[in-house]
Amino acid sequence: MLKAADRVNVEEHFQSSHTNNWAVLVDTSRFWFNYRHVANVLSVYRSCKRLGIPDSHIILMVADDMACNPRNPRPGTVFNNANEQINVYGDDVEVDYRGYEVTVENFIRVLTGRLSPSTPRSKRLLSDEHSNVLVYMTGHGGEGFLKFQDAEEISNVELADAFEQMWQKQRYHELFYMIDTCQAESMFQKFYSPNILAVASSKVGEDSLSHHVDPKIGVYVIDRYTYFALEFLETVEPGSRKTMGQFLRVCPKHQCISTVAIRTDLFPRDPDKVPLTDFFGSVRNVEILTSTIQLDNVTVARDDGEYCR
Amino acid sequence: MILLHFLVQHYRLFPKSLGDVLTTYQVQELHLSQTQGVWRYDKWGYPPEDAAPGAELLVWFLPQASNIDKLWSDLVNALSGLFCSSLNFMDSKSTVIPRWTFRPAGLADEGYSLQSARVRYSALPKEIVCTENLTPWKKLLPCNSKDSECKSSAVELKQTLTLVYDPPTTNRNGKQDWNFRNTYSTSLSSQCPLASSSKIFVDMESANFAPFTLKPEPTRIETFRRVGEIKKYAVYDLKEVLGKQGKIDLTALYPGVMQFSDIVPPPVYASRYVTGYGLEKGGITCQIHNTLSENITVIYMETIPWFLRVYFNSLKVENNGATIKPFKIHYIPGKDRSQPYQLELVFRLRAQSTTKISLSFDRAFLKWTEYPPDANHGFYVNSAVISTILPTSVNNTAVQQHGSTIEDSMNDQSEQLFLRLHTESLLVSLPTPDFSMPYNVICLACTVVAIAFGSIHNLTTRRFQALDPSKQKKGILSKIKSKLFKSSNLENSKSDSSGKTESEADKSNQKDDLKDDNKDDKISNDTEPS
C-alpha cells in the first residue's frame, strides 16, 4: 500500500509532465567546404546521446559524408576543434537519413509522421503528447528560408505549419527549436503553436559566423554558436541542475559576434526553471527501493487522480 | 550473407532484428555488401569475399512468397533503416532479375534456382561506408547476447570484413613488418565465448619468396592442396593461445626492406571504362584478360541505368580483332524511368589473350527535378559482374560456396574454383542544365517589366501641364534654389527613367510655391509620387 508520504514523492517526481524525449537533428549542407555544418549537428547529437537520449529516439539527418570523405585527412573522424580533441563522429553513430535522403519533403514527413508504410522504425518520429522534442537545424539560411543541399529551400511558414500539424496531432508536449544559420531568427518568427521554445544563432539581418579553421584539415570546423553551445553542454551531466535559461544565454555578442535571438512567448514555463535535461537528456525519475511493496488490486474509476489522464 | 531455410522463431546467436526483417519479407537468402574503394585484381589477386563498389544487394525469396516486387521494395526500406544506408534507393529503376550469374549459395530445393523470378539484384555504386554502417553491423554479432534456450534451425549468417593495408608505406623503414598493435591499435585479448571455434589464419604463400617470421609461434602450420596448388597457412587456435598468454599481438617480421618486383597478375582480371566524348553519345567497353593457357567460359552481367540508352546492335565481343559469338545472350532493354538495361552474356575467353566487350549508348535528357543536388558530379553506372570457374586456386583464399569457414577450404576436394569479379563502377556526365537559370530569368524579366512598363505607364497616365516659371513670385531662397535646380530640372524632365524624379522636381516647385505663400492654383502634378 502506498502511504500518503510516498504519494507526495511520486508527485514531485512527475512534475515535468513529459515521459519521453526525442530529438530531430538536421544538417542540410552538402560538399566538403560545409564540413562545419556536419560538425555542428554531430556535436548536438553527441550531447543528446551523452545525456541519455537513445539512438532509437534520435533522428539524425546528415546531408553529406565528411568522416569517410576522400578529402578528409583524418579518416573516420569529424572534429569540432582545431586541436582535434573531441571526435564528434565517434564510434557509435547511427545516421538515419543521409545523403540524398535529406530533403524538405522527408524532413516534413518525419515531423508530421506522414511517412510511407514501409518506412522503418528508426526513420520515424514516434513521439506522442507526452514527448519533449528537440529540433536542431543547421546549414545555410536566409531571411525566411533554410537551404537544403543547394537544391531546395524550406520556408519559415512551412516550418511553422509543420509544427502546427504536430501540435494538432498531439505529437509533442513541449518543443525546443534550435537553429544555427545566417538570419536564423527569421525561421522561428512565424511559429504560432503553443509550447515552443526557440533559440537562433543570429537575428534577421545578421550572419552567423564560423569559428575557426583547422589548417590540417583545411576547412572551417565549427560555427560559433554551436561551438560555445557545445562547450556549455560538455559541462552538463545527466544529473545536472542546469536550466534552459542558462543555455539560452550561452554565447553573448562578444563571443558570437551575431546576436542570439530567443522566442519564449509561446512557452508557458519560465526557462530559468526548466532543467536542461528536459530537452537534451532523457532523464527518468526513478527511485530504486530495496524493500518490497505490497500492492493490492484496486479498481480505479476513470476520472480518479490527476495523473491518470 | 544470410542463408535462411526455415522460419526462425527462437533467436540465440542469430540477431533478432535481422531475423524479424527476414521472416516478415519471406527471404530465403540475402547477400548484402558495402564497399569503399576499389579492389585491384591485377595487383592483389582475389579477395576472400568479392563485393561490388558501393552497396550491393542480392535476395532470393521463399518459394511460397507472392508479389515479390512489393516484398523487395519493403525489404530494401527495412534494410536501409537497419544498416543506416540509403538502400531505399534500390527501387525498380535500378533492380534487375539476373538469370545465370547468381545461384543460391545455401540450402534450397532442387530446381529452385531455375525459377529465377524469385531473385532480385541491385547495386548503388555511390553508397559510402562509414562508422555509421559498421555500428549496426557490429551489433549483429552474437557476442553481446546472453545464452538462452537453443532450438535447432538451419540458419547461417556470415559476416565478413575485408580491409587492405600497405605496411611498407605506413612503416617508416620501408619494411613489410606488420602487427596487430600498429594496424588495429590494440592486441587481441578475448574471443567470443559463444564461438565453437575461433582461429587466426596467416597465409604463408608469399613466404616462398619473401620469408618472414611470426611471433608468437603458431599452433600449427597447415600445408594442403587446393585445386592443384599447394597452400600453406599458419594457424592460431585462440582458445589455446589466449588461455596461455592472455592476449596476442600477432607480429610478422621481415629480415630486410621490401624488394619490389614485377607482379604476376591473377588468371582472370578485368577493367571497364567509358569511351566516347561529348554529352550526346558514348560507349562502355570492358576488357577481360585471361592469363591461363586454356580457354575458360565466362558469364558477364551488366546493368545500365535507363538514362544511358543502349543500342543492342552495337554489342561487340572481340578478341584480337576476331569476333566472338557468345553462347547465350540475355538482354532486357530498359524503359524510361522504370527499369534499367540488363545484359547477360555467356562466352568463351581464349587462352592468354584479352577479350573486349563494347556497347554504345545515347545520353538522355532528364527532367529538371530528376537531377540530384550535386548534378555536375555525374551519374554512376553499376559495376559489371563476371563469373567463371577456374582450374587453379592461385592468388585465391576465398571460401567456396559449399563451405562456411576458412577451415572448410582446407578440406576442399573440388577440382575447380568458382570465381566472381566485380569491375569498377563508371561515372558518366549527362547534359546538365544551369540550375540558376530560372532565378536569372525571373530577375531579368521582372527588371525589364518594371523599368519598361513602369516608365510607359507613367508617361501614358500622367497629365502634364506647362508651368511658366517667370510668372511665379519667388523669395530670395527660392530664387537661389531655382537657380541651382534649374539645370537639373530640365534634365530630369527630359529623362524618362522614372516618374519619381519628375514628381520630386514638381514637389520642390510646389514647396517654392508654398513658401511664397502664393495660393495660386498652379500645382500641375495630378499623380501620387511613385
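Before reading further, recall that the structure is shown in the block above.
The structure presented is a predicted model; accordingly, all values stated were derived computationally and were not measured.

Brief notes about the sheet that holds strand β3 (residues 97-98) of chain A
Residues and elements named next belong to chain A.
Stage number 1. As summarised here, the arrangement of the seven strands in space is β3-β2-β1-β4-β8-β9-β12, forming an open sheet in which the pairing is mixed. With partners counted over all chains shown, the strands left at the sheet margins are β3 and β12 (261-263), one partner each.
Stage number 2. Where strand β9 (residues 196-200) meets β12, three bridges bridge the pair, whose relative direction is antiparallel. Counterpart to alanine 198 in the pairing with β12 is arginine 263.
Stage number 3. Set on the sheet, helix α4 (residues 156-168) makes contact with β4 (131-138), β8 (174-180) and β9; between it and β8 the angle comes to about 160°.

Overview of the interface of chain B and chain A
Stage number 1. On the chain A side, the residues contacting the 25 residues of chain B number 22 residues.
Stage number 2. Three residues stand out in chain B for area buried against chain A, namely Cys84(B), Glu132(B) and Pro373(B), and they jointly supply 27% of the buried area on that side.
Stage number 3. Counting every contact that joins chain B to chain A gives five salt bridges.
Stage number 4. Residues Arg30(A) and Asp374(B) are paired through a salt bridge, measuring 3.1 Å at the closest nitrogen-oxygen approach.
Stage number 5. Here chain B is connected to chain A by 18 residue pairs in polar contact (both at pLDDT 80 or more).
Stage number 6. Listed by contribution, the elements that provide at least two residues to the side of chain B that touches chain A are α3 (68-83) and α4 (131-139) of chain B.
Stage number 7. For the side of chain B that touches chain A, the residue count by class is eight nonpolar, 11 polar and six charged.

Observations concerning the pattern of salt bridges
Stage number 1. For the coordinates displayed, the defined rule picks out 32 salt bridges over all chains.
Stage number 2. Close ionic contact of Lys147(A) with Asp150(A) constitutes a salt bridge, the shortest N to O distance being 2.6 Å.
Stage number 3. Among the ionic pairs, Asp91(B) bridges to Lys93(B), the shortest N-O distance being 3.9 Å.
Stage number 4. Asp91(B) sits in the partly exposed class, given a relative accessible area of 31%.
Stage number 5. Using a relative accessible area of 37% as the deciding quantity, one classes Lys93(B) as partly exposed.

A look at the nonpolar core
All names here are of chain A.
Stage number 1. Judged by nonpolar contacts, the single largest core of 55 residues is most densely connected at Leu25, Leu42, Phe176, Phe247 and Phe280.
Stage number 2. It is helix α2 (residues 35-50) that contributes the most residues to this core, eight residues altogether.
Stage number 3. Discounting residues that sit within four places of it in the chain, phenylalanine 280 has contacts with Val44, Ser47, Cys48, Leu51, Ile53, Leu134, Phe176, Met178, Leu233 and Phe247.

Side note on the pairing of strand β22 (residues 385-390) of chain B
Residues and elements named next belong to chain B.
Stage number 1. Where burial is concerned, most of β22 is hidden: five out of the six residues are buried.
Stage number 2. Here strand β15 (residues 296-304) runs beside β22; their pairing, made up of four bridges, is antiparallel. Each bridged residue has a counterpart across the sheet, and for valine 298 the counterpart in β22 is threonine 388.

Focus: the state of the cysteines
Stage number 1. Under the criterion given, the structure shown has two disulfides over all chains.
Stage number 2. Through a disulfide, Cys68(A) is tied to Cys130(B); the S-S separation comes to 2.0 Å. Taking the sign of the S-S torsion, about 80° here, the bridge from Cys68(A) to Cys130(B) comes out right-handed. With Cys68(A) in the loop between β2 (58-62) and β3 and Cys130(B) in the loop between β5 (119-124) and α4, the pair connects residues from two separate chains.

Rules and cut-offs
- Position numbers for residues start from 1 in each chain and track the written sequence from start to end.
- The lettering of chains begins at A and the numbering of ligands begins at 1, in the order of writing.
- Local features in a predicted model are, by the rule used here, given only for residues with pLDDT of at least 70; side-chain atom pairs are given and counted only at 80 or more, and totals for whole chains, interfaces and linings are based on all residues.
- Side-chain calculation: all heavy atoms of the structure are included, whereas hydrogens and water are not.
- Strands are labelled as partners when DSSP assigns at least two bridges between them.
- Per the convention used, a helix needs a DSSP run of H or I reaching at least four residues, while a strand needs a run of E reaching at least two, with both numbered from the N terminus.
- Every residue pair with non-hydrogen atoms within 4.5 Å of one another is taken to be in contact.
- Interaxial angles span 0 to 180 degrees and are taken between N-to-C directions of axes, which are lines fitted to C-alpha atoms, for helices over the stretch in contact.
- Values labelled buried area give the accessible surface lost by two parts on being combined, using a 1.4 Å probe and summing over both.
- Salt bridges, as used here, are contacts in which a Lys or Arg side-chain nitrogen is within 4 Å of a carboxyl oxygen on Asp or Glu.
- N or O atoms closer than or at 3.5 Å make up a polar contact, with two conditions inside protein: a donor-capable atom paired with an acceptor-capable one, and, for residues adjacent in sequence, both atoms drawn from side chains.
- When residues are grouped by polarity, Ala, Val, Leu, Ile, Met, Phe, Trp, Tyr, Cys and Pro land in nonpolar, Asp, Glu, Lys and Arg in charged, and all others, Gly among them, in polar.
- Exposure is judged per residue with a 1.4 Å probe applied to protein chains only, and the accessible area is read against the type maximum: over 50% gives exposed, under 20% gives buried, and values in between give partly exposed.
- Residues belong to one nonpolar core when they are buried, are Ala, Val, Leu, Ile, Met, Phe, Trp, Tyr or Cys, and are joined through side-chain atoms within 4.5 Å.
- Throughout, disulfides are identified as pairs of cysteine sulfur atoms within 2.5 Å of each other.

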